[in-house]
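Now for the letters of each chain:
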Amino acid sequence: MDADTKKVILSGITPSGILTIGHLTGALINWVRLQSEYDCYFMIADLHAITVRQNPAELRQRTLDTAAMFLACGISPETSTLFIQSHVPAHSQLAWVLNTFTGMGECSKMTQFKDKSKKHSENVNVGLFAYPILMAADILLYQADLVPVGEDQKQHLELTRNLAQRFNHYYSDTFKMPEPFIPEVGARIMSLQNPTAKMSKSDENKNSTIFLNDKPEEIRNKIKRAVTDSDTVVRYDEENKPGVSNLMQLYSIATGKSFAEIEKQFEGVGYGEFKAEVADKVAEYIRPISERFAEISSNKKYLQEILSFGSDKANKVAMKTLRKVYKKVGLVSF
Ligand code: TRP
């Protein structure tokens with residue numbers, strides 16, 4: 001199939017921290033699989049990142065690191081379009097138009113907005129409020145059919161669909177109606193220190209998180225320090241044994257073994273030995289990614305070339321949609 005007949009996928013990650021093993025299992029493995037079948041756009045959402053205060057030097061570095069990590073995980077810059085959101089001005093431009101189609105109430109009811117307003121109560125800015133409108137622009141610019149996202153972004157997808165429909169109805173057919181694409185079995189990886197909360201790239205306690213650029217020794221140490229329980233049995237029970245269940249989940253990802261197999265393997269084995277085995281296997285699982293990441297990051301020119309190639313491609317597609325939109329709303333063409 002050529003690019004014209006393939007369905008379009010767009011997804012993105014906000015560079016608010018180094019990517020974790022949760023991004024690998026929850027998003028990137030899936031993206032890599034989709035590449036051959038779909039016309040994929042993968043974006044680093046730096047404009048979304050600045051809705052909370054960032055350290056400029058760190059944001060810049062993390063944006064490039066996220067791009068390098070996409071590549072290290074197997075995103076192909078020839079097959080897919082890999083780009084930085086702010087390198088394609090049409091995202092901001094379409095977002096402005098969509099702002100004028102969005103009700104205040106639609107944004108203020110967003111769960112993520114409410115959560116983030118609490119968490120960053122010192123800086124509840126208009127950008128944070130309009131965050132899902134920018135996300136709608138990201139998606140609609142590329143006429144995406146499918147948008148792989150986590151459960152937490154589903155509400156933003158709903159808004160995107162509403163805006164597309166509203167615009168299409170008010171003018172005429174302009175935007176493709178995107179569908180969320182939520183992986184069914186995407187293992188939910190929990191924090192190593194607080195196993196009832198999701199593992200997060202922005203957790204302040206770095207021992208909670210396995211980063212994709214962690215060295216094997218760091219991974220081993222973090223897993224050995226992981227919170228378990230006062231029981232001694234290796235058994236999958238998310239509710240009563242969240243820490244052990246999470247380690248089993250990680251072990252399952254690294255080895256492909258089922259929970260039943262893991263329980264059997266560790267029957268009568270203490271937590272110390274269990275953790276050491278999980279630590280070794282997970283460290284080995286991540287090693288090729290962290291090594292490839294180090295290689296790619298050391299070649300700044302290579303990364304820059306890929307990103308500039310990606311944004312050229314993305315710009316062309318995005319401008320086509322933006323021009324249509326500008327025309328429909330009555331702006332003078334340029
Ligand atoms: N908001 C998404 C997140 O935090 C990232 C994102 C930005 C995104 N734009 C997108 C995801 C468009 C899918 C499609 O995870």
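See the structure printed just above.
In this numbering scheme, every chain counts its residues from 1 along its sequence in written order. The predicted nature of this model means local features are confined to residues of pLDDT at least 70 and side-chain atom pairs, given and counted, to a pLDDT of 80 or more, with totals for whole chains, interfaces and linings taken over all residues. Each side-chain value is worked out from all heavy atoms of the structure, with water and hydrogens disregarded.

Here we take up helix α13 (residues 300-329). With 30 residues, α13 extends 41 Å between its outermost C-alpha atoms, agreeing within 8% with the 44 Å of an ideal straight helix rising 1.5 Å per residue. Accessible area is worked out with a 1.4 Å probe on protein chains only. A residue is then buried under 20% of its type maximum, exposed over 50%, and partly exposed in between. Each helix is a run of H or I in the DSSP string that is no shorter than four residues. Each strand is a run of E no shorter than two, and both are numbered from the N terminus. Within the span of α13, buried status applies to Leu303, Ile306, Leu307, Gly310, Ser311, Ala314, Asn315, Ala318, Thr321, Leu322, Val325 and Tyr326. Its buried side turned inward, α13 meets α3 (56-72), β3 (81-84), α4 (90-99), α7 (126-141), α8 (154-170) and α12 (271-297). Note on α13: the residue one or two positions beyond its end, glycine 330, has a positive phi of about 100°. Given a helix with a known number of residues, its expected span is that number minus one, times 1.5 Å. Should any heavy atoms of two residues lie within 4.5 Å, those residues are counted as being in contact.

With that settled, the discussion passes to the site of the ligand. Residues in contact with the ligand amount to 14 residues; listed here are only the nearest, Thr14, Met43, Tyr131, Asp138 and Gln153. Measuring from an oxygen atom of the ligand, one finds a side-chain N or O atom of threonine 14 at 3.3 Å. Pairs of N or O atoms within 3.5 Å make up the polar contacts considered here, provided that, within protein, one atom can donate a hydrogen while the other can accept it, and that residues adjacent in sequence are counted only when both atoms are side-chain atoms. Residue tyrosine 131 places a side-chain N or O atom 2.7 Å away from a nitrogen atom belonging to the ligand. Surface accessibility in these figures is a Shrake-Rupley result with a 1.4 Å probe; residues are shielded only by whichever protein chains are displayed. In the complex, 89% of the free accessible area of the ligand, which totals 370 Å², lies under the protein chains. The set of elements that each furnish at least two residues to the shell around the ligand consists of β1 (8-13) and α7. For the shell around the ligand, the element with the most residues is α7, which contributes 4 residues. When grouped by side-chain class, the residues that make up the shell around the ligand number 8 nonpolar, 5 polar and 1 charged. Only a single heavy atom is needed: when it lies within 4 Å of a molecule or strand, its residue is near that molecule or strand. Each residue gets one label: Ala, Val, Leu, Ile, Met, Phe, Trp, Tyr, Cys and Pro are nonpolar, Asp, Glu, Lys and Arg are charged, and the others, such as Gly, are polar.

This part takes up the side chain of glutamate 106. Along the chain, the position of glutamate 106 falls in helix α5 (residues 104-108). One polar contact links the side chain of glutamate 106 to the main-chain amide nitrogen of glycine 103, over a distance of 2.8 Å. Side-chain polar atoms of glutamate 106 contact the side chain of arginine 166, separated by 2.7 Å. Excluding its chain neighbours within four sequence positions, the residues that come into contact with glutamate 106 are Phe101, Leu159, Asn162 and Arg166.

With that out of the way, let us pick up the pattern of salt bridges. Any Lys or Arg side-chain nitrogen located within 4 Å of an Asp or Glu carboxyl oxygen qualifies as a salt bridge. Here the structure, examined in full by the defined rule, presents 17 salt bridges. For lysine 222, the salt bridge goes to aspartate 214, with nearest N and O atoms at 2.7 Å. Judged by its relative accessible area of 7%, lysine 222 falls in the buried class. Under the relative-accessibility criterion, aspartate 214 is labelled buried at 4%.

For the rest of this paragraph, the subject is α7. The end-to-end C-alpha separation of α7 is 22 Å, in line with the 22 Å expected for 16 residues at 1.5 Å each. Burial runs high along α7: 14 of the 16 residues are buried. Capping of α7 at its N-terminal end is provided by asparagine 125; its side-chain oxygen lies 2.9 Å from the backbone amide nitrogen of glycine 127. Directly after α7, the chain includes glutamine 143, whose backbone phi takes a positive value near 55°.

Right, let's talk about the packing of aromatic side chains for a bit. Pairing of aromatic side chains here covers Phe, Tyr and the six-membered ring of Trp, requires ring centres within 6.5 Å, and sorts the geometry by plane angle: under 30 degrees stacked, over 60 edge-to-face, intermediate tilted. The final tally for this structure, using the stated rule, is 15 aromatic pairs. For the ring pair tryptophan 31 and phenylalanine 42, a centre distance of 4.4 Å and an interplane angle of 5° mean the geometry is stacked. Of this pair, tryptophan 31 sits in helix α1 (residues 21-34) while phenylalanine 42 sits in strand β2 (residues 39-44), placing them 11 residues apart in sequence. Phenylalanine 42 matches tryptophan 31 in its accessibility class, with the two residues each being buried.

Turning our eyes to something else, we now look at the environment of arginine 62. Inspection of the secondary structure puts arginine 62 in helix α3. Note on arginine 62: relative accessible area 13%, which makes it buried. Sequence separation between arginine 62 and threonine 14 is 48 residues; the distance between their C-alpha atoms is 9.7 Å. Setting aside residues no more than four positions away along its own chain, arginine 62 makes contact with Pro15, Ser16, Gly17, Ile18 and Gln54.

Our next topic: the nonpolar core. Take the buried residues of types Ala, Val, Leu, Ile, Met, Phe, Trp, Tyr and Cys, join any two whose side-chain atoms come within 4.5 Å, and each joined set is a nonpolar core. Judged by nonpolar contacts, the single largest core of 56 residues is most densely connected at Ile21, Phe70, Ile210, Leu212, Ile223, Phe274 and Val282. In terms of residue count, the dominant contributor to this core is α12 (10 residues). The residues contacting phenylalanine 274, other than those within four sequence positions of it, are Val234, Val244, Leu247, Met248, Ile262, Phe266 and Val269. One finds Leu10, Val52, Ala137 and Tyr142 within the second-largest nonpolar core, a separate group that totals 44 residues.

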